[in-house]
Each structure stands twice: as structure tokens, then as C-alpha cells.
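Coordinates in review
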Amino acid sequence: MKHYRQSLRILGLIVAIAAPVALLTLWSIAQDTPSAPKEKTSKEQFKNIKVLKDLPANKLIPVMHQFNDALGVKCDFCHVIGPVHSGFEKDDKPAKDMARKMILMTKGINKQQKLLGGQATCFMCHHGSPEPQTQPKPEGK
Ligand code: HEC
Ligand code: HEC
């Protein structure tokens with residue numbers, strides 16, 4: 001009888017320890033399960049993204065239009081556009097790779113140069129031209 005009571009007590013102890021642990025585990029699993037579907041990134045949605053990986057996928061085309069406006073060009077300045085609006089993933093124009101480097105450079109300026117208050121953009125230099133002017137016109141010209 002004494003043995004029986006002792007094992008009951010041990011059993012009770014085990015339950016007392018195990019139950020909260022089990023509850024905690026369940027709770028953390030519940031925390032890991034996202035309640036709303038996560039937005040796709042550009043990397044997940046498109047085929048050949050090397051720089052704009054974390055950009056939400058629905059922001060990629062608006063960014064492309066900003067490039068057009070900043071450089072005063074059309075999409076085919078950087079992309080060879082195939083039939084049915086395809087081929088944007090290809091890297092056959094040097095301007096596309098140059099644009100990747102420019103994106104990184106602009107990000108770097110905003111990160112390192114507090115002086116500009118994070119306002120560096122493609123337009124800041126390009127002002128609607130693919131080849132930005134780097135020297136002022138001489139006075140009177
Ligand atoms: C100044 C150059 C430039 C211009 C102009 C430009 N793009 Fe892009 N585009 C890029 C670069 C660079 C990438 C790849 C970005 C990366 O690797 O993170 C890209 C990627 C893309 C992709 C993803 C392709 C894939 O599956 O990997 C699409 C779609 C796209 N561009 C469409 C457009 C459209 C539409 C326009 C015109 C409205 C346009 N682009 C104008 C440089 C440009
Ligand atoms: C700090 C100034 C500056 C910023 C910001 C800048 N660019 Fe440039 N970019 C230049 C200069 C200067 C050149 C010319 C480089 C050369 O001729 O070697 C150039 C050249 C380019 C070219 C090559 C053009 C050609 O004729 O082939 C592309 C494409 C380009 N930039 C895209 C961009 C994009 C896209 C952004 C924004 C993400 C950007 N640039 C931001 C200064 C800048």
C-alpha cells in the first residue's frame with residue numbers, strides 16, 4: 001500500500017512537470033504558424049533576381065518604371081524583350097548588369113552618407129538621361 005501511494009505521488013509529479021512543457025510546446029508551434037499568407041518577395045516570384053531579392057514582388061514593376069523615368073529610357077534599354085512580353089529574366093544587355101551595380105551603389109550611399117538623409121535615387125544623378133552630366137556647362141553657354 002505504501003509503495004502504491006509513493007508511485008502515485010511520483011506519477012503526479014511527472015504530470016505536473018510534463019503538462020506545462022507540453023502546453024508550452026503547443027503554444028510555440030502555434031506561434032510559428034503564420035496566420036496570414038506572407039507576401040512573396042521578388043526573389044520568390046521572378047526568375048533571375050540578384051539584388052532586389054527582398055523587394056515585395058508587387059513592387060518590382062513600379063521600381064522598373066522608376067528606372068525608365070530616372071534614365072529617360074524604355075524597358076528595352078536594359079531588357080531584350082521577346083514575343084508575348086517575355087525574356088525579362090535574361091542578362092544579355094550590359095546595361096542590366098550596370099543597373100544592378102548602380103542599385104547597390106545607391107543603397108550604399110544611403111546607408112553610409114547620413115548627409116543626404118537617405119534621399120539618394122537614380123534620378124539624383126541621371127536626371128532623365130542614361131549618361132549623367134558630371135560637369136557643369138561653362139558660364140554663358
Ligand atoms: C535601367 C535598367 C532597367 C530598366 C530600364 C528596366 N529594367 Fe527590369 N530589371 C533590371 C534589372 C537590373 C533587373 C534584375 C534585378 C535584380 O537582379 O535584382 C530587372 C528585372 C526585371 C524583371 C524580372 C525578370 C525575372 O524573371 O527575373 C522584370 C519582369 C522586369 N525587369 C521588367 C521590366 C519592365 C516591364 C521595364 C519597363 C517598364 C523594365 N524592367 C525596365 C533593369 C532594368
Ligand atoms: C551618384 C550618381 C549616380 C547614381 C545615384 C546612379 N547613377 Fe547610374 N550612372 C552614373 C554615372 C556617372 C554613369 C556613367 C558611368 C560611366 O560612363 O562609366 C552611370 C551609368 C549608368 C548606366 C549605364 C548607362 C549606359 O549608357 O550604358 C545605367 C544603366 C545606370 N547608370 C543605371 C542607374 C540606376 C538604375 C540607378 C539607380 C538605382 C543609378 N544608375 C544611380 C551615376 C549615377
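The structure this text deals with has already been given above.
Procedures and definitions
- Residues numbered from 1 in each chain as written.
- Chains lettered and ligands numbered in written order.
- Predicted model: local features only at pLDDT ≥ 70, side-chain atom pairs only at ≥ 80, totals over all residues.
- Heavy atoms only, no water.
- Helix = DSSP H or I, 4+ residues; strand = E, 2+ residues; numbered from the N terminus.
- Contact = heavy atoms within 4.5 Å.
- Areas by Shrake-Rupley, 256 points an atom, 1.4 Å probe, with all protein chains shown as cover.
- Donors = N, O, S within 2.8 Å, 3.2 Å for Na, K, Ca; no water.
- Buried < 20%, exposed > 50% of the residue type's maximum accessible area, 1.4 Å probe, protein only.
- Patch = residues over 30% accessible without salt bridge, like charges linked within 9 Å, V, L, I, M, F, W, Y side chains within 5 Å.
- Salt bridge = Lys/Arg side-chain N within 4 Å of Asp/Glu carboxyl O.
- Near = heavy atom within 4 Å.
- Polar contact = N/O pair within 3.5 Å; in protein donor to acceptor, adjacent residues only side chain to side chain.
- 1 Å grid on protein atoms, 1.4 Å probe; cavity = no way out; pocket = protein on both sides within 12 Å on 5 of 7 lines; lining within 4 Å.
- Sits in = over half its atoms within 2 Å of the grid points.
- Nonpolar A, V, L, I, M, F, W, Y, C, P; charged D, E, K, R; others polar.
- Expected span 1.5 Å × (residues − 1).
- Core = buried A, V, L, I, M, F, W, Y, C linked by side-chain atoms within 4.5 Å.

Across its full length, the protein chain carries five helices and zero strands. Ordered by position in the sequence, the α and β elements of the protein chain form the string α-α-α-α-α. Across the protein chain, contacts joining residues at least 24 apart in sequence account for 34% of those joining residues at least 6 apart. With the model as given, the accessible surface of the protein chain reaches about 11,800 Å², and the carbon-plus-sulfur share is 63%.

Coordination of the iron atom of ligand 1 by the protein comes from Met64 (SD) and His79 (NE2), over a distance range of 2.0 to 2.3 Å. On the accessibility criterion, Met64 (24% relative accessible area) is partly exposed.

A contiguous nonpolar surface patch, about 310 Å² in accessible area, is contributed by Leu115, Leu116 and Met124. Its location among the elements puts Leu115 in the loop between helix 4 (94-112) and helix 5 (122-126). The exposure class of Leu115 is exposed, given its relative accessible area of 84%.

Contacts to ligand 2 come from 16 residues, most closely from Met102, Cys122, Cys125, His126 and Glu131. At 2.7 Å from a nitrogen atom of ligand 2 is found a side-chain nitrogen or oxygen belonging to His126. Taking Glu131, its side chain carries an N or O atom lying 3.1 Å from an oxygen atom of ligand 2. Put simply, ligand 2 lies in the largest pocket. At the level of secondary structure, the elements contributing two or more residues to the shell around ligand 2 comprise helix 3 (60-71), helix 4 and helix 5. Tallying contributions element by element places helix 4 first for the shell around ligand 2, with six residues. Grouping the amino acids of the shell around ligand 2 by side-chain chemistry returns twelve nonpolar, three polar and one charged.

Take helix 4 next. Every α-helical turn comprises 3.6 residues, leaving residues that sit three or four positions apart pointing alike. Over its 19 residues, helix 4 runs 27 Å from end to end, which matches the ideal 27 Å to within 8%, given 1.5 Å per residue. Turning to helix 4, its buried residues are Ala95, Lys96, Arg100, Ile103, Thr106 and Gly108. On its buried face, helix 4 is in contact with helix 3.

This part takes up the coordination of the iron atom of ligand 2. At 2.0 to 2.3 Å from the iron atom of ligand 2 lie its protein donor atoms, namely Met102 (SD) and His126 (NE2). With relative accessibility at 11%, the residue His126 sits in the buried group.

With that settled, the discussion passes to the nonpolar core. Residues Ile49, Val51, Leu52, Leu55, Leu60, Val63, Phe67 and Ile103 constitute the largest nonpolar core, which totals eight residues. Beyond its immediate sequence surroundings of up to four residues, Phe67 is in contact with Gly72, Val73, Ile103 and Cys122.

Around ligand 1, the structure places 24 residues, and the nearest of them are Met64, Cys75, Cys78, His79 and Arg100. Interatomic distance of 2.8 Å between a backbone N/O atom of Lys50 and an oxygen atom of ligand 1. One nitrogen or oxygen atom from the main chain of Val51 is found 2.8 Å from an oxygen atom belonging to ligand 1. Under a 2 Å grid-point criterion requiring more than half of the atoms, the pocket assigned to ligand 1 is the largest pocket. When residues of the shell around ligand 1 are traced back to their parent elements, those giving at least two are helix 3 and helix 4. Taken together, the residues of the shell around ligand 1 break down into 14 nonpolar, four polar and six charged.

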